[in-house]
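For reference, the chains in residue letters:
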Amino acid sequence: MNLVIRGGTIVGPDTVFRADIRIESGVIVAVGEALSTANATIIDASGCWVGPAFVDIHTHLREPGREAAETIASGALAAAMGGFSAVVAMPNTEPALDNVPLVSYVLAQGAKTAIDVAVAGAITLGRKGESLAPLAELAALGVRLFTDDGTGVQNPLVMRRALEYAAPLGLRLAQHCEDEQLANGGVMNEGVLSAQLGLAGRSAVAEELMVQRDIALVRLTGGRVHFLHLSTATSLAMVTAARLEGLDVTCEVAPHHFVLSEEACRTFDPQFKVHPPLRPEADRAALHAALSTGAIDAVATDHAPHTPELKDLAFDEAPAGMLGLEHVAALTNEALGANPVAFFNLLSRGPARIAQLRASDARVGLSAHGGVIMVGEDANVVVFDPSQTWVGDRNALHSKATNTPYHGRPLVGRVRSTIVKGRLVVHEGVLQ
Ligand code: DOR
């Protein structure tokens, strides 16, 4: 299928310009003014930003084990609707993605979808935090990120050994920073509000101590750590300082941590329960402000589908997590204001670099993501209308699950088209 994207604003890593794009056989073949539309489907991008399709480095696809909440197929549809051409599937499935057959299974199922599905392997067997998973064997399948997400690696010696093992292989370990003993089974941020509400608190220090510990371990081992879903101003300041020191650390924030604060927990609505928890307004505001400073490498969804049977329990009993794929672009757009360069750097270029999904990181079976709109690049492209208004609707999601905290919320900015490997997967906001 030939495509011409007409009349949009092309967003580069540091500039924007007006041009049309022609796509043939999965590749961008022309970028310029008034391109020929012969034998091509025309995509009208007037008023829209056109850039590399988004990459989510933090997607829970739930397969195998919890297919009632999400499958690789349904998660991929939600991702395409959200503007993503690639996602990294998290390994806290049942069983965990800690071995070659299971990772091969997820990659094979992913290859049947319209997007690229990469895998984050578990750092430790069964995510138990005791003995290391076969990182080298999984790396041979193309796995570049490893994490025990859902929990962090609690034992510092195990984390040290993992870093020592991963560093020469060029692998990055992604950490869910929460010290379980300090988190102490808490269900929301620990503070005055948790005391008032009578809900058990999960302290900010539980996160910050592990960030600090892992920075020390990176300094010791020369390894690389990616910090998942940072939620406090102090965590972010520590990562910024570590980067200035020259350590190879990267970080992401999830949309709920810069959009929502712990105040949402006053409702006792379990849709607002997440790990790490929603924090006080000062932390939310600090993360929001840092989106446009370059201190944050990526916005990542932590898309965490749960069935209503589980998620609609009382706040203390419901599982933590909320959906993200279909709303994150609008939420990031709103948070940034009219800042297309930062928008694509946070949703596409930054995450693709962390997941090693760029053209220079060629991997078996996957195309290049997070690149530049230019001739010869793989055509993974999104057309995003930054001013379209709409309302979040849990009944209109493509995810199997409905646990979104944004039902009924007005949103600004919407994905018009998602093109993956030259294929028009979403057109005029509709799945093809
Ligand atoms: O709230 C969360 N839910 N945080 C995580 O880190 C994991 C996720 C899940 O898998 O449900």
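Above this text sits the structure in question.
Below is a summary of the structure that appears in this document. (Residues numbered from 1 in each chain as written. Predicted model: local features only at pLDDT ≥ 70, side-chain atom pairs only at ≥ 80, totals over all residues. Heavy atoms only, no water.)

### Section: the pairing of strand β14 (residues 249-253)
Among the 5 residues that make up β14, 5 are buried, leaving the element largely enclosed by the rest of the structure. Bridge analysis of strand β13 (residues 225-227) against β14 gives 3 bridges, and the strand direction is parallel. For V225, the partnering residue across the bridge sits in β14 and is V249. Regarding the hand of the β-α-β motif, the stretch spanning β13, helix α8 (residues 233-244) and β14 is right-handed. Pairing geometry for β14 and strand β15 (residues 298-299), over 2 bridges, is parallel. (Buried < 20%, exposed > 50% of the residue type's maximum accessible area, 1.4 Å probe, protein only. Helix = DSSP H or I, 4+ residues; strand = E, 2+ residues; numbered from the N terminus. Pairing = 2+ DSSP bridges. Right-handed = clockwise from strand over helix to strand, strands pointing away.)

### Let's talk about empty space enclosed by the protein
Inspection of every chain in the model, using the stated rule, returns 3 cavities of 30 Å³ or more. Put simply, the largest cavity is a space of about 60 Å³. Lining the largest cavity are P52, A368, H369, G370, G371, V372, I373, E377, D378 and N380. By residue class, the composition of the lining of the largest cavity is 4 nonpolar, 4 polar and 2 charged. (1 Å grid on protein atoms, 1.4 Å probe; cavity = no way out; pocket = protein on both sides within 12 Å on 5 of 7 lines; lining within 4 Å. Points joined across faces, edges and corners; volume = space filled by probe spheres on them. Nonpolar A, V, L, I, M, F, W, Y, C, P; charged D, E, K, R; others polar.)

### As for the packing of aromatic side chains
Tallying each qualifying case throughout the model produces 7 aromatic pairs. Taking the centre distance of 5.2 Å and the plane angle of 85° together, the rings of F343 and F344 count as edge-to-face. Comparing F343 with F344, the two get one shared label, buried. Following the ring pairs from residue to residue traces out a cluster consisting of W49, F54, F84, F343, F344 and F384. One Lys or Arg, R414, reaches over the ring of W390 and ends 3.9 Å from the middle of that ring. (Phe/Tyr/Trp six-rings, centres within 6.5 Å; stacked < 30°, edge-to-face > 60°. Lys NZ or Arg CZ within 6 Å of the ring centre and 35° of its normal.)

### Some thoughts on the nonpolar core
If you look at the biggest cluster of nonpolar residues, it comprises 76 residues, and the most contacted ones within it are F54, F227, L291 and F343. What F54 contacts, discounting residues up to four positions off in sequence, is G82, G83, F84, S85, A86, A329, F343, F344, L347, S348, V382 and V415. The next biggest cluster of nonpolar side chains, apart from the first, holds 17 residues, and it includes A19, A45, V50 and V381. (Core = buried A, V, L, I, M, F, W, Y, C linked by side-chain atoms within 4.5 Å. Contact = heavy atoms within 4.5 Å.)

### Observations concerning the site of the ligand
Near the ligand, the surroundings consist of 14 residues, among which R62, N92, H176, H275 and A320 are the closest. Within the contact set of the ligand, an oxygen atom lies 3.3 Å away from a side-chain nitrogen or oxygen of D149. Taking A320, its main chain carries an N or O atom lying 3.1 Å from a nitrogen atom of the ligand. For the ligand, the accessible surface in isolation is 290 Å², of which the surrounding protein chains cover 94%. Here the residues of the shell around the ligand sort into 3 nonpolar, 8 polar and 3 charged. (Near = heavy atom within 4 Å. Polar contact = N/O pair within 3.5 Å; in protein donor to acceptor, adjacent residues only side chain to side chain. Areas by Shrake-Rupley, 256 points an atom, 1.4 Å probe, with all protein chains shown as cover.)

### Here's the deal with unusual backbone geometry
Residue P64 follows E63 across a cis peptide bond; omega there is 10°. Relative to the assigned elements, P64 resides in the loop between β6 (54-59) and α1 (72-81). The omega torsion across H275 and P276 is -10°, close enough to zero to call that bond cis. Within the secondary structure layout, P276 lies in the loop between α9 (255-259) and α10 (281-290). Phi is positive for S25, which is not a glycine, with a value near 50°. Position of S25 relative to the elements: it lies in the loop between β2 (16-24) and β3 (27-32). Even without being a glycine, A34 presents a positive backbone phi close to 45°. Here A34 is to be found in the loop between β3 and β4 (41-44).

### A word on the sheet that holds β13
Overall, parallel pairing links the 8 strands, which are arranged β6-β7-β8-β9-β10-β13-β14-β15 in an open sheet. Two strands lie at the open edges of the sheet, namely β6 and β15, each paired on one side alone. Bridging between strand β7 (residues 84-89) and strand β8 (residues 116-121) involves 4 bridges; their strand directions are parallel. Across the sheet, V88 pairs through a bridge with A118, a residue of β8. The strands touched by helix α7 (residues 204-221) are β10 (172-175), β13 and β14; relative to β13, the strand with the most contacts, the crossing angle is about 165°. (Axes fitted to C-alpha atoms, helices over the stretch in contact; angles between N-to-C directions.)

### Regarding α8
Over its 12 residues, α8 runs 17 Å from end to end, which matches the ideal 16 Å to within 8%, given 1.5 Å per residue. Every buried residue of α8 is listed here: S235, L236, M238, V239 and A242. Projected down its long axis, α8 carries its buried residues within an arc of 160°, all on one side. Along its buried surface, α8 packs onto α7, β13, β14 and α10. A positive backbone phi angle near 100° is found at G246, which sits one or two residues after α8. (Expected span 1.5 Å × (residues − 1). Arc of directions from axis to C-beta.)

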